[in-house]
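Tertiary structure, described
What follows is the residue order along each chain.
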Amino acid sequence: MNIILLGAPGAGKGTQANFLKSKFNIPQISTGDMLRSAVQANNDLGIKAKQYMDSGELVPDSLIIDLVKLRVTQADCMHGFLLDGFPRTIPQAEAMSDSGINVDFVIEIDVPDNVIIERLSGRRIHPASGRVYHIKYDPPKRDGVDNETGDPLVIRDDDVEETIIKRLKNYHDQTEPLVNFYANYSKDPKPKSLKVNGTASPESINETLKDLLG
Ligand code: AMP
């Protein structure tokens, strides 16, 4: 079961990925998380990627393609994998296809831009645990601090409004064309394309996906 999750940043890919990975017992491969780990580790990849990430640009295809190709050959991907945040461009999708990596389902989570801006600009993170809050929809018990540890919460560098708008533009320009790329995919097997309304509650999106994926 090889699944691609498409959707603008903040569409809820991570939330749905959590559900899908346990349902199908497959690993979630989040290229955003891989890149953030590299930035934290301050390794060669992280140093190269950081400037693009902070400014809301995509990192160059050459930095990410080999990383993913290698990741999907690891043992835990034997029964499938869930790609969250990859491919983000047509050349990334082509590289995957050229390497013989098949895709069973392409799931697009659709959310209007104004909703995305509200979601992301209110997002607060506890960096050590990855816990995510929202100042309006899921506030911490005490303003600005993590519920479990009391550590201060932070705004992700790329969650400032100006950068969110740039990330959305990049999504529409570079990533959304993948919907048509997979709808018109000419190789065999052709992935099945699904679209879900990402403004519904996470639980009801779960249910919809459960029905659609069978
Ligand atoms: P995400 O957490 O998926 O929104 O990713 C955060 C940032 O990492 C993006 O804004 C990009 O700068 C970079 N990134 C993640 N995945 C990719 C990808 N497949 N191609 C290019 N850049 C990526």
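Residues numbered from 1 in each chain as written. Predicted model: local features only at pLDDT ≥ 70, side-chain atom pairs only at ≥ 80, totals over all residues. Heavy atoms only, no water.

- Naming follows an unreviewed UniProt entry, where the protein appears as Adenylate kinase of Methylophilales bacterium HTCC2181.
- Its UniProt record, at the heading Function (unreviewed entry), says of the protein: "Catalyzes the reversible transfer of the terminal phosphate group between ATP and AMP. Plays an important role in cellular energy homeostasis and in adenine nucleotide metabolism." (UniProt positions renumbered as here; feature names shortened; annotations may be inferred.)

**A word on the UniProt feature "binding site: AMP" (unreviewed entry) in the protein**
- UniProt tags Thr 31, Arg 36, Glu 57, Leu 58, Val 59, Gly 85, Phe 86, Pro 87, Arg 88, Gln 92, Arg 156 and Arg 167 as "binding site: AMP" (unreviewed entry). The named residues occupy 137 residues along the chain; their greatest pairwise C-alpha distance, 25.1 Å, places them well apart from one another. The subset of the named residues that lines the largest cavity consists of Gly 85, Phe 86, Pro 87 and Arg 88.
- Along the chain, Gly 85 turns up in the loop between β3 (81-84) and α5 (90-98).
- Setting aside its immediate chain neighbours within four residues, Gly 85 contacts Leu 5, Lys 13 and Thr 31.
- Relative to the elements of secondary structure, Arg 88 occurs in the loop between β3 and α5.
- By relative accessible area, Arg 88 is classed as partly exposed at 29%.
- When near neighbours in sequence (up to four residues on either side) are disregarded, Arg 88 contacts Thr 31, Leu 58, Gln 174, Thr 175 and Leu 178.
- Looking at Arg 88, its side chain comes within polar contact range of the main-chain oxygen of Gly 85, at 2.9 Å. (1 Å grid on protein atoms, 1.4 Å probe; cavity = no way out; pocket = protein on both sides within 12 Å on 5 of 7 lines; lining within 4 Å. Helix = DSSP H or I, 4+ residues; strand = E, 2+ residues; numbered from the N terminus. Contact = heavy atoms within 4.5 Å. Buried < 20%, exposed > 50% of the residue type's maximum accessible area, 1.4 Å probe, protein only. Polar contact = N/O pair within 3.5 Å; in protein donor to acceptor, adjacent residues only side chain to side chain.)

**Brief notes about the site of the ligand**
- As a structural note, the neighbourhood of the ligand is formed by 15 residues, with Thr 31, Arg 36, Glu 57, Gly 85 and Gln 92 the closest of them.
- At 2.9 Å, a side-chain N or O of Arg 36 approaches an oxygen atom of the ligand.
- A distance of 2.8 Å separates a nitrogen atom of the ligand from a polar side-chain atom of Gln 92.
- If the ligand stood free it would expose 480 Å²; the protein chains cover 96% of that surface.
- When residues in the shell around the ligand are grouped by element, the largest group, four residues, is from helix α2 (residues 31-41). (Near = heavy atom within 4 Å. Areas by Shrake-Rupley, 256 points an atom, 1.4 Å probe, with all protein chains shown as cover.)

**Re the nonpolar core**
- Grouped together as the largest cluster of nonpolar side chains are 51 residues, with contacts concentrated most on Ile 4, Leu 20, Leu 83, Met 96, Ile 107, Ile 116 and Tyr 182.
- Ignoring any residue separated from it by four or fewer positions in sequence, one finds Ile 116 in contact with Ala 8, Pro 9, Gly 10, Ala 11, Val 111, Ile 164 and Leu 168. (Core = buried A, V, L, I, M, F, W, Y, C linked by side-chain atoms within 4.5 Å.)

**Focus on empty space enclosed by the protein**
- This structure, assessed with the given rule, holds one cavity of 30 Å³ or more.
- By volume, the largest cavity amounts to about 40 Å³.
- In terms of lining residues, the largest cavity is bounded by Leu 5, Leu 6, Gly 7, Lys 13, Gly 85, Phe 86, Pro 87, Arg 88, Tyr 171 and Thr 175.
- Contributions of two or more residues to the lining of the largest cavity are made by β1 (2-7) and α7 (161-175).
- Taken together, the residues of the lining of the largest cavity sort by class into five nonpolar, three polar and two charged. (Points joined across faces, edges and corners; volume = space filled by probe spheres on them. Nonpolar A, V, L, I, M, F, W, Y, C, P; charged D, E, K, R; others polar.)

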